[in-house]
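# What the coordinates show
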Amino acid sequence: MTDRRAFTMKRVLKFLLLLSITVLIAGCKLAIIVVEGGEVQSDGSGVCSAGSICIVDVTDPDFAETFSAVPNDGWAFQKWNSGSGFFCGGSSEPFCHLSFAGHEESKEVAKMVASDETFYLMPVFKRISGYPPIVGGNKEWL
């Protein structure tokens, strides 16, 4: 085999290896959206702070994680936002446990994990009435 042909073959093998690794880590995504008033914490994914969108890659049918909505001072957790593709939608419990436990072998779970679909988790925090006002310039806001 010539040097040029060996070089081309190595490049093809590297490309195929990279492609197979990419396929193995492909999966659905969980977008944690925190607008204002607190953060979302979890042992596996860490902290997603106010003003952030944090992405969790779900690549394993054994996925299990609990997300906690933690309000800042002067704020209270109200509920998890609801809508199409939102998990824990409408729940007023500050903990959202997501798990495929008992369904790991399900074709639907395997299909969802293998997809490139994005799902959402979004806490809704509410400012506590009467908490010290926000002062800005010559105006005072509650």
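### What about the packing of aromatic side chains?
Counted under the stated rule, the structure contains 5 aromatic pairs. Their ring planes at 75° and their centres at 6.0 Å tell us that Phe77 and Phe125 sit as a pair that is edge-to-face. With Phe77 in strand 6 (residues 75-80) and Phe125 in strand 9 (residues 123-127), this pair connects stretches of sequence that are 48 residues apart. When its relative accessible area of 16% is taken as the criterion, Phe77 is described as buried. For Phe125, a relative accessible area of 9% puts it in the buried group.

### Looking at the state of the cysteines
Following the criterion strictly, the structure yields 2 disulfides and no others. Between Cys48 and Cys54 runs a disulfide, and the two sulfur atoms are separated by 2.2 Å. With the S-S dihedral at roughly 95°, the linkage between Cys48 and Cys54 falls on the right-handed side. For Cys54, a relative accessible area of 23% corresponds to the partly exposed category. Each sulfur in the disulfide pair Cys88 and Cys96 lies 1.9 Å from the other.

### Things to note about the nonpolar core
Judged by nonpolar contacts, the single largest core of 22 residues is most densely connected at Leu30, Ile32, Val40, Phe63, Phe67, Trp80 and Leu121. Per-element tally for this core: the top contributor is strand 1 (residues 28-34), with 4 residues. Sequence-distant contacts of Ile32, that is, excluding residues within four places in its chain, are made with Val40, Cys48, Ser52, Ile53, Cys54, Val56, Phe67 and Leu121.

### Considerations on the pattern of salt bridges
Across all of its chains, the model carries 1 salt bridge by this definition. Across the pair Lys29 and Asp57 runs a salt bridge, and its minimum N-O distance is 2.8 Å. Here Asp57 lies in strand 4 (residues 52-58) and Lys29 lies in strand 1, a separation of 28 residues in the sequence. For Asp57, a relative accessible area of 44% corresponds to the partly exposed category.

### What about unusual backbone geometry?
Trans peptide bonds make up the majority, and among non-glycine residues the majority have a negative phi. The backbone of Cys88 sits at a positive phi, close to 60°, despite the residue not being glycine. Examined against the element boundaries, Cys88 turns out to sit in the loop between strand 6 and strand 7 (95-99). A relative accessible area of 24% means that Cys88 is categorised as partly exposed.

What counts, and where the lines are drawn
- Residues numbered from 1 in each chain as written.
- Predicted model: local features only at pLDDT ≥ 70, side-chain atom pairs only at ≥ 80, totals over all residues.
- Heavy atoms only, no water.
- Phe/Tyr/Trp six-rings, centres within 6.5 Å; stacked < 30°, edge-to-face > 60°.
- Helix = DSSP H or I, 4+ residues; strand = E, 2+ residues; numbered from the N terminus.
- Buried < 20%, exposed > 50% of the residue type's maximum accessible area, 1.4 Å probe, protein only.
- Disulfide = S-S within 2.5 Å.
- Core = buried A, V, L, I, M, F, W, Y, C linked by side-chain atoms within 4.5 Å.
- Contact = heavy atoms within 4.5 Å.
- Salt bridge = Lys/Arg side-chain N within 4 Å of Asp/Glu carboxyl O.

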